[in-house]
Amino acid sequence: MASNEKSVWDSNISFILAMIGSAVGLGNIWRFPNVLYSNGGGSFMIPYIVSLFILGISFVLVEYAVGFRFKTSLSKIFFSIKARLEPIAWFIVLVVFLITTYYVCVVGWDLIYLGLSFVQGWGANPDVFFTVDVLHASDSLSGIFTIVPWVLLSVFLIWAFAWFIAQKDLNEGIGKVSKILLPVLLIIVIFIVAFSLTLPGASIGYKQIFTPNWSALTDLNVWLAAFGQIVFSLSLGMSIALTYASYLPETSKLTDNALIVAFSNSGFEVFNAIGIFSILGFMTFTSGIPFNELVTEGTGLAFVVFPNVFNLMQPWSMIIGPLFFACILFAGITSVMALLEVVSFAISEKFGFSRRKSATVVCIVGFCISSIFATSAGSYLLGIFDAFLNNFALLFGVLLECIIFGWIYNFDNLVETLNNHSTIQMDPFWPIIIKYILPICIFGLWAQGVYSTLLTGDSTSHMIMLCLSIVLIVVPIIFTLLPAKNEDYYNPIDGD
Ligand code: PFF
């Protein structure tokens, strides 16, 4: 499709499924259970629900309204609001791009485990297998020139699939894949949860979710953890919702859609957590390992704890194992497609590239950067990139977006857009949330993230973070200065 032919979703359901697909990802499957457990169990649902409304839904609505009103990419929107804001948009796009490069790598690891799960190829010691046999991991930069071939191959396959979808027409690519993968994902999760509840010891696990620790509610860190989970899980500030909403037809119902997406995403992660906890309960029951030692997050949970569980679950693990890794794969791929769309759309709008050309350029450069995560130093670097980009850069982007849309842009326009295109009318409290409450919460989260990142890293990681900071300043300036192919880019869109 030529760049001047604007893509439009062929139905509301395509948009909703693509949005849910973008939100439901690795964060829902392996981040949420640990955050829930470490922050008071059942009582965590209170800060979680408050954050969902105050932060999650409120901010998603901003992105929907802006994307729908301007119907263009983030960089052109910022340029239209004030020309000098364009580098901030490229900063956000670059953060999204860099996150995609390592997110693809984790999805690649999952692809390897999906293959292994049919034969329980991780053996009797999944911990050693993951770090030594799969990753060939070194805990410093020393392994940066040692490529790990199977990781590189799986990363390549994920990028190739992402490219194949991204270069297609919006509805033929993202729309169709979301319509297939999301229902399949839901069926798999229902099956896993139902099965896990029948396991001996399941109640040891799921009781943790329903046992509240009320004193946790007075702990500020618990509230910050809830905000952090909502930012991650709903992919806030990445301009995914903004980009997808820019493809909506005029007749769409914005607020209604936002509520469906936010509730589906949270419903998914809470429901999925019941399964994860029940399976960990089974592990405690059969192995005697205390429950609190099993609840880890991220790669530790998926690639170490779960393979250990599957070793104890024979012969059922032959079915549950592949389903579990397929679930992570599908959730990850739909998120990768969304991350890629943000970057690809921004490039095509500024440089007049076709959908195919911009997807190709972004995927080739993306694959080259991802290759550094397919080296022996890959998991070490990935940890640093993740800590820096998520705790620091992304939250900084959300903060800037709150200030730009809440204070610099005429916020009343967004209220008007939502009210004209929704069954539900906006509460007068919404502008207060976006202008005051949200920036304060995000600032708190950001300060905590910066503090913990600086405190925990070694000197090499601080050097890498410094280099990343320089890249995040220089590259957006270069992209801003590069002339747009299409002169029309410099005609500000009247968002008033
Ligand atoms: N919301 C998705 C997830 O929970 O995995 C997508 C995502 C969020 C990707 C944040 C990357 C990220 F840093």
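Residues numbered from 1 in each chain as written. Predicted model: local features only at pLDDT ≥ 70, side-chain atom pairs only at ≥ 80, totals over all residues. Heavy atoms only, no water.

A.B. asks: Which parts of the structure should I look at to understand the overall build of the protein?
C.D. replies: Within the protein, the secondary structure is distributed over 20 helices and zero strands. Computed over the C-alpha atoms, the radius of gyration of the protein is 22 Å, within 12% of the 23 Å expected from 2.2 N^0.38 for a compact globule of 496 residues. Its C-alpha atoms give the protein principal-axis dimensions of roughly 65 × 50 × 45 Å. Out of the 496 residues belonging to the protein, those deemed buried represent 59%. Accessible surface, the protein: about 18700 Å² in total, of which carbon and sulfur atoms supply 69%. Separation between the mean location of the 18 positive side-chain charges and that of the 28 negative ones in the protein comes to 9 Å. (Helix = DSSP H or I, 4+ residues; strand = E, 2+ residues; numbered from the N terminus. Rg over C-alpha atoms; globule rule 2.2 N^0.38 Å. Buried < 20%, exposed > 50% of the residue type's maximum accessible area, 1.4 Å probe, protein only. Areas by Shrake-Rupley, 256 points an atom, 1.4 Å probe, with all protein chains shown as cover. Lys, Arg positive; Asp, Glu negative; His and termini not counted. Charge placed at Lys NZ, Arg CZ, Asp CG, Glu CD.)

A.B. asks: Would you mind going over the site of the ligand with me for this structure?
C.D. replies: Near the ligand there are 14 residues, and of these Ala 23, Tyr 103, Phe 232, Ser 233 and Ser 235 occur at the shortest range. Between a nitrogen atom of the ligand and a main-chain N or O atom of Phe 232, the distance comes to 3.0 Å. One of the side-chain N or O atoms of Ser 235 is found 2.8 Å from a nitrogen atom in the ligand. Considering the ligand on its own, with 330 Å² of exposed area, one finds that the protein chains cover 99% of that surface. Of all elements in the fold, only helix 1 (12–23), helix 2 (26–38), helix 5 (86–117) and helix 10 (220–233) reach the threshold of two or more residues within the shell around the ligand. Looking at the shell around the ligand residue by residue, the classes come out as six nonpolar, eight polar and no charged. (Near = heavy atom within 4 Å. Polar contact = N/O pair within 3.5 Å; in protein donor to acceptor, adjacent residues only side chain to side chain. Nonpolar A, V, L, I, M, F, W, Y, C, P; charged D, E, K, R; others polar.)

A.B. asks: Looking at this model, I keep getting lost on the packing of helix 17 (residues 378–408) against helix 20 (residues 459–481). Mind explaining?
C.D. replies: When two helices pack together, their arrangement is given by the angle between the helix axes and the distance between those axes. Contact pair helix 17 / helix 20: the axes reach a minimum separation of 10 Å and the direction vectors enclose 55°. With respect to helix 20, the axis of helix 17 lies oblique. As for the relative orientation of helix 17 and helix 20, their crossing is right-handed in sense. From helix 17, Tyr 380, Leu 381, Ile 384, Phe 385, Phe 388, Leu 389 and Ala 393 reach across to helix 20, where they touch Thr 460, Ser 461, Ile 464, Met 465, Leu 468, Ser 469 and Leu 472. (Axes fitted to C-alpha atoms, helices over the stretch in contact; angles between N-to-C directions. Parallel < 35°, antiparallel > 145°, perpendicular 65-115°, else oblique. Left-handed = near helix turned anticlockwise from the far one by under 90°. Contact = heavy atoms within 4.5 Å.)

A.B. asks: Would you mind going over helix 9 (residues 202–210) with me for this structure?
C.D. replies: Since the α-helix advances by 3.6 residues per turn, residues separated by three or four positions end up pointing in the same direction. Listed in full, the buried residues belonging to helix 9 are Ala 202, Gly 205 and Ile 209. Angularly, the buried residues of helix 9 cover 80° about the axis, an arc narrow enough to put them on a single face. Turned more than 90 degrees from where helix 9 packs its buried face, Lys 207 and Phe 210 sit exposed. Buried-residue contacts for helix 9 involve helix 2, helix 8 (171–197), helix 12 (254–287) and helix 13 (291–294). (Arc of directions from axis to C-beta.)

A.B. asks: Looking at this model, I keep getting lost on helix 7 (residues 149–166). Mind explaining?
C.D. replies: If you check helix 7, its first and last C-alpha atoms are 25 Å apart, about what 18 residues at 1.5 Å a residue would give, namely 26 Å. Turning to helix 7, its buried residues are Val 151, Ser 154, Val 155, Ile 158, Trp 159, Ala 162, Ile 165 and Ala 166. Seen along its axis, helix 7 keeps its buried residues to an arc of 135°; they face one direction. Buried residues along helix 7 sit in contact with helix 5, helix 6 (126–134), helix 8, helix 15 (317–351) and helix 16 (355–371). (Expected span 1.5 Å × (residues − 1).)

A.B. asks: Honestly, the pattern of salt bridges in this entry has me stumped. Any pointers?
C.D. replies: Side chains carrying opposite charge are able to pair once their charged atoms draw close together. Under the counting rule described, the total for this entry stands at five salt bridges. Measuring nitrogen to oxygen at the nearest pair gives 3.4 Å for the salt bridge that ties Lys 71 to Glu 250. Placement of the pair is Lys 71 in the loop between helix 3 (45–70) and helix 4 (74–81) and Glu 250 in the loop between helix 11 (240–245) and helix 12, with a sequence separation of 179 residues. By relative accessible area, which is 24% here, Lys 71 ends up partly exposed. Taking the shortest distance from any N to any O, the salt bridge between Lys 176 and Glu 172 comes out at 3.3 Å. One end of the pair, Lys 176, and the other, Glu 172, are both in helix 8, four residues apart, so they sit about a helical turn from each other. We classify Lys 176 as partly exposed; its relative accessible area is 42%. A residue is classified by how much of its surface remains accessible, and Glu 172, at 41% relative accessible area, is partly exposed. (Salt bridge = Lys/Arg side-chain N within 4 Å of Asp/Glu carboxyl O.)

A.B. asks: Explain the environment of Ser 154 here, please?
C.D. replies: As for its position among the elements, Ser 154 is in helix 7. Taking the C-alpha atoms as reference, Ser 154 lies 35 Å from Phe 59; in sequence the two are 95 residues apart. If sequence neighbours within four positions are ignored, Ser 154 has contacts with Gly 108, Trp 109, Leu 111 and Ile 112.

A.B. asks: Hey, could you run me through the packing of aromatic side chains in this one?
C.D. replies: The relative placement of two aromatic rings is captured by the distance of their centres and the angle of their planes. Using the criterion set out here, one finds 49 aromatic pairs in the structure. Ring geometry for Tyr 102 versus Phe 373: centroids 6.3 Å apart, planes at 75°, classification edge-to-face. With a gap of 271 residues between them, Tyr 102 in helix 5 and Phe 373 in the loop between helix 16 and helix 17 connect regions that are remote in the sequence. Judged on exposure class, the residue Tyr 102 and its partner Phe 373 are both buried. (Phe/Tyr/Trp six-rings, centres within 6.5 Å; stacked < 30°, edge-to-face > 60°.)

A.B. asks: Before we go on, may I ask you to explain the packing of helix 5 against helix 20 in this structure?
C.D. replies: Packing of helix 5 against helix 20 brings their axes to within 8 Å, and their N-to-C directions diverge by 125°. Classified by the interaxial angle, the pair formed by helix 5 and helix 20 is oblique. The crossing of helix 5 and helix 20 is right-handed. Contacts between helix 5 and helix 20 involve Glu 86, Pro 87, Trp 90, Phe 91, Leu 94, Val 95 and Leu 98 from the former and Leu 468, Val 471, Leu 472, Val 475, Pro 476, Phe 479 and Thr 480 from the latter. Of the residues that constitute the contact of helix 5 with helix 20, the class distribution is twelve nonpolar, one polar and one charged.

A.B. asks: Would you mind showing me how to read the nonpolar core here?
C.D. replies: Taken as a class, soluble globular proteins show a tendency for nonpolar side chains to be buried jointly. Residues Tyr 244, Leu 389, Phe 405 and Trp 430 are the most contacted members of the largest nonpolar core, which totals 188 residues. The greatest single-element share of this core, amounting to 22 residues, is contributed by helix 5. Among all residues touching Leu 389, those that are not within four sequence positions of it are Val 95, Leu 98, Ile 99, Tyr 102, Leu 394 and Leu 472. (Core = buried A, V, L, I, M, F, W, Y, C linked by side-chain atoms within 4.5 Å.)

A.B. asks: Any chance you could explain the side chain of Glu 401 here in plain terms?
C.D. replies: Position of Glu 401 relative to the elements: it lies in helix 17. The buried charged residue Glu 401 lacks any salt bridge, with Arg 69 as its nearest oppositely charged partner at 15 Å. Setting aside anything within four residues of it in sequence, one finds Glu 401 in contact with Phe 59, Glu 63, Phe 78, Ile 92, Gly 237 and Gly 406.

A.B. asks: What's the story with the environment of Ile 112 in this structure? I'm lost.
C.D. replies: By the element assignment, Ile 112 lies in helix 5. Look at Ile 112 and you get buried, because its relative accessible area is 15%. In sequence terms Ile 112 and Val 151 are 39 residues apart; their C-alpha atoms lie 7.7 Å from each other. Filtering out sequence-adjacent residues up to four positions away, Ile 112 remains in contact with Val 134, Trp 150, Val 151 and Ser 154.

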